[in-house]
Amino acid sequence: MARRTPRRAPQDCGGLVVASGIMPLVPYNPPFFLFNRHLETIFPALMRSVELPPYTRERIETPDGDFLDLDWLSRSQQIGRTGDAGMRPLLILSHGLEGDSQRPYIKGMAKAFLLQGFDVLAWNFRGCGLDMNRLLRFYHSGATEDLDLVVQHAIQQGYTQIDLVGFSLGGNLTLKYLGERTLPPAIHRAAVFSVPLDLHDACLEISRRENWIYARRFLKSLKSKITRKAAKMQGLDTSRLEHIRTILEFDEYYTAPLHGFASALDYYKRNSSIHFLDGIHVPTLIVNAVNDPFLGKNSFPMERLAKHASVTFECITRGGHVGFAQINKNGLYWSEERALQFILT
């Protein structure tokens, strides 16, 4: 029997590592009843409720004949169409794998920034809104052309300061966008949480036996999406679906070929944000928790980022995956508190 690779121990993180930046970390103290990484991950996803005004939905067309659904929030409810959008900063939120603008972590961050005078745009990746997208392709971890389209659309509405926040897959997408492109001057700062910086490494981590509940949930949702898409259009072979047991297999037979990659490994290599960090030149915060059940060791590049001029990498012991729950903070989660501190400074 092959020897099992042990999980990272909390001391591997060395406590807190800040690669650059001048701000102190807001301490994170998990609630006493969230005593392991699974509770820290699952409780916020299932039990958190965030009250927000209703989104204003806008659909924009993509250059390849598809569409993106954008959900806007503004305290003025004018959504950047009154000519004074440039007077208010805009926060653009990017969700995680099989997420959408309704997820509690998106709504919690949206509320936190809305109360600070920001307009908020929570966009839904292709196929993640209420309606299936039009093309065989859907979304993937490195589809920065869609994020760029959203940013350019916001600039056309008059916004002159745009901040980005991404979670998990949306965090990887955000970092790749920041590192591979010449950015418009409107991009101010970015903060990302629970980011699989190395997609292959993270795929292996989530496929561990102890993480089966997450892998099974994602696979069920992804397979359902392929089945629904195949019922609407030709070109999708669903015969492999019942034999797929891992996310890597799904990416090998569907994600990679649908988006022009030679294989799952080619897809991971070309889209992992760890390869784009050196190209980031705007102030950027990355926060990953050691006990995150989705992240492998390559998502903790403390030494590599130790002298980065623009990227602050914070490795914390607790938090789970897109967790960071708090109590007695009027509903404010630690990730929201930390993002506010970083972006408002």
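What comes next concerns the included structure. (Residues numbered from 1 in each chain as written. Predicted model: local features only at pLDDT ≥ 70, side-chain atom pairs only at ≥ 80, totals over all residues. Heavy atoms only, no water.)

### A short note on the overall build of the protein
Definition in use: Counting from the N terminus, the helices are the DSSP runs of H or I reaching at least four residues and the strands are the DSSP runs of E reaching at least two. A 1.4 Å probe rolled over the protein chains alone gives each residue an accessible area, and that area as a share of the maximum for its type sets the label: buried under 20%, exposed over 50%, partly exposed in between. Values of accessible area rely on a 1.4 Å probe in the Shrake-Rupley scheme; residue burial ignores everything except the protein chains shown.
Within the protein, the regular secondary structure consists of 10 helices and 8 strands. Per-residue burial over the protein gives 58% buried out of 345 residues. Summed over all atoms, the accessible surface of the protein reaches about 15200 Å², with 54% contributed by carbon and sulfur.

### Digging into the side chain of Lys229
Counted only if it meets this: In this tally, Asp and Glu contribute negative charge and Lys and Arg positive charge; neither His nor the terminal groups of the chain are included. What makes a salt bridge here is a side-chain nitrogen of Lys or Arg within 4 Å of a carboxyl oxygen of Asp or Glu, nothing more. Pairs of N or O atoms within 3.5 Å make up the polar contacts considered here, provided that, within protein, one atom can donate a hydrogen while the other can accept it, and that residues adjacent in sequence are counted only when both atoms are side-chain atoms. When checking whether two residues touch, look at their non-hydrogen atoms; a contact exists if any pair is within 4.5 Å.
If you trace the backbone, Lys229 turns up in helix α6 (residues 212-232). Asp66 is the oppositely charged side chain nearest to the buried, salt-bridge-free Lys229, at an N-O distance of 6.2 Å. At 3.5 Å, the side chain of Lys229 forms a polar contact with the backbone oxygen of Arg137. Excluding residues within four positions of it along the chain, Lys229 makes contact with Met132, Asn133, Leu135, Leu136, Arg137, Phe138 and Leu236.

### Overview of helix α1 (residues 37-47)
Rules: It is the directions from the helix axis to the C-beta atoms that the arc portrays.
Looking at α1, one finds that the buried residues are Glu40, Thr41 and Pro44. Axial view of α1: buried residues confined to an arc of 95°, hence all on one face. The exposed residues of α1 that point more than 90 degrees off its buried face are Leu46 and Met47.

### With respect to the packing of aromatic side chains
The line we're drawing: Note on aromatic pairs: the rings of Phe, Tyr and Trp (six-membered ring only in Trp) are paired at centre separations within 6.5 Å, and the planes decide the class, stacked below 30 degrees, edge-to-face beyond 60, tilted for the rest. Throughout this description, the term charge over a ring refers to an Arg CZ or Lys NZ atom that lies within 6 Å of the ring centre and within 35 degrees of the ring normal.
Taken as a whole and assessed by the stated rule, the structure comprises 19 aromatic pairs. Relative to Trp334, the ring of Phe324 has its centre 5.4 Å away and its plane inclined at 35°; by these criteria the two rings are tilted. Taken together, the residues Phe324 in the loop between β8 (311-316) and α10 (334-344) and Trp334 in helix α10 connect sequence positions 10 residues apart. For Phe324, a relative accessible area of 1% puts it in the buried group. Judged by relative accessible area, Trp334 falls into the buried class, the value being 0%. The ring of Phe67 is capped by Arg59, whose NZ or CZ atom sits 3.8 Å from the centre of that ring.

### What to know about the packing of helix α5 (residues 199-206) against helix α8 (residues 264-271)
The condition that has to hold: Interaxial angle, 0 to 180 degrees, is taken between N-to-C directions of lines fitted to C-alpha atoms, where a helix line uses only the stretch in contact. For this classification, under 35 degrees means roughly parallel, over 145 means roughly antiparallel, 65 to 115 means roughly perpendicular, and everything else is oblique. Residue classes follow a fixed rule: Ala, Val, Leu, Ile, Met, Phe, Trp, Tyr, Cys and Pro count as nonpolar, while Asp, Glu, Lys and Arg count as charged, and any other residue, Gly among them, counts as polar.
Their axes nearest at 8 Å, the elements α5 and α8 cross at an angle of 120°. Viewed along their axes, α5 and α8 adopt a mutual orientation that is oblique. Along its contact with α5, which presents Leu199, His200 and Cys203, the element α8 presents Leu265, Tyr268 and Asn271. Looking at the contact of α5 with α8 residue by residue, the classes come out as 4 nonpolar, 2 polar and no charged.

### Digging into the pattern of salt bridges
One pass over the full model with this rule turns up 24 salt bridges. Notably, a salt bridge pairs Arg57 with Asp69, separated by 3.2 Å at the nearest N-O pair. One end of the pair, Arg57, is in strand β1 (residues 56-61); the other, Asp69, is in strand β2 (residues 67-73), and 12 residues separate them in sequence. Asp69 gets classed as buried once you look at its relative accessible area, which sits at 3%. One salt bridge connects Asp278 with Arg304, and the closest N-O pair in it is separated by 3.7 Å. Of this pair, Asp278 sits in the loop between α8 and β7 (284-289) while Arg304 is found in helix α9 (residues 302-305), placing the two residues 26 residues apart along the sequence. The class of Asp278 is exposed, set by a relative accessible area of 54%. Its relative accessible area of 40% is what places Arg304 among the partly exposed residues.

### Concerning the nonpolar core
Stated precisely, the cut-off is as follows: Joining through side-chain atoms within 4.5 Å is the link that ties buried Ala, Val, Leu, Ile, Met, Phe, Trp, Tyr and Cys residues into a set, and such a set is a nonpolar core.
Within the largest apolar cluster, 64 residues are counted, with the highest numbers of intra-cluster contacts made by Ile92, Trp123, Ile162, Leu164 and Phe250. Not counting the four nearest positions on each side in its chain, Ile92 is found in contact with Leu121, Trp123, Leu147, Val150, Val151, Ala154, Ile162, Asp163, Leu164 and Val165.

### A word on the pairing of β8
The condition is simple: Note on pairing: DSSP must find at least two bridges between two strands before they are called paired.
Most of β8 sits out of view: 6 of its 6 residues are buried. Covered by surrounding structure in β8 are Val311, Phe313 and Cys315 together with Thr312, Glu314 and Ile316, the residues of both alternating faces. Direction of pairing for β7 relative to β8: parallel, over a ladder of 6 bridges. The residue bridging Leu285 from the neighbouring strand is Thr312, located in β8.

### Some words on the sheet that holds β8
Across the sheet, 8 strands lie side by side as β1-β2-β4-β3-β5-β6-β7-β8; this open sheet has mixed pairing. Both edges of this open sheet fall to β1 and β8, since each of them pairs with a single strand only. The average undirected angle you get between the axes of adjacent strands in this sheet is 20°. Sheet strands touched by helix α4 (residues 169-180): β3 (90-94), β4 (119-124), β5 (162-167), β6 (187-193) and β7. Its angle to β5, the strand with the most contacts, is close to 140°.

### Notes on helix α7 (residues 247-258)
Buried residues of α7: Ile247, Phe250, Asp251, Tyr254, Thr255, Ala256 and Leu258, and no others. Looking one or two residues past α7, Gly260 carries a phi angle of roughly 85°, positive in sign.

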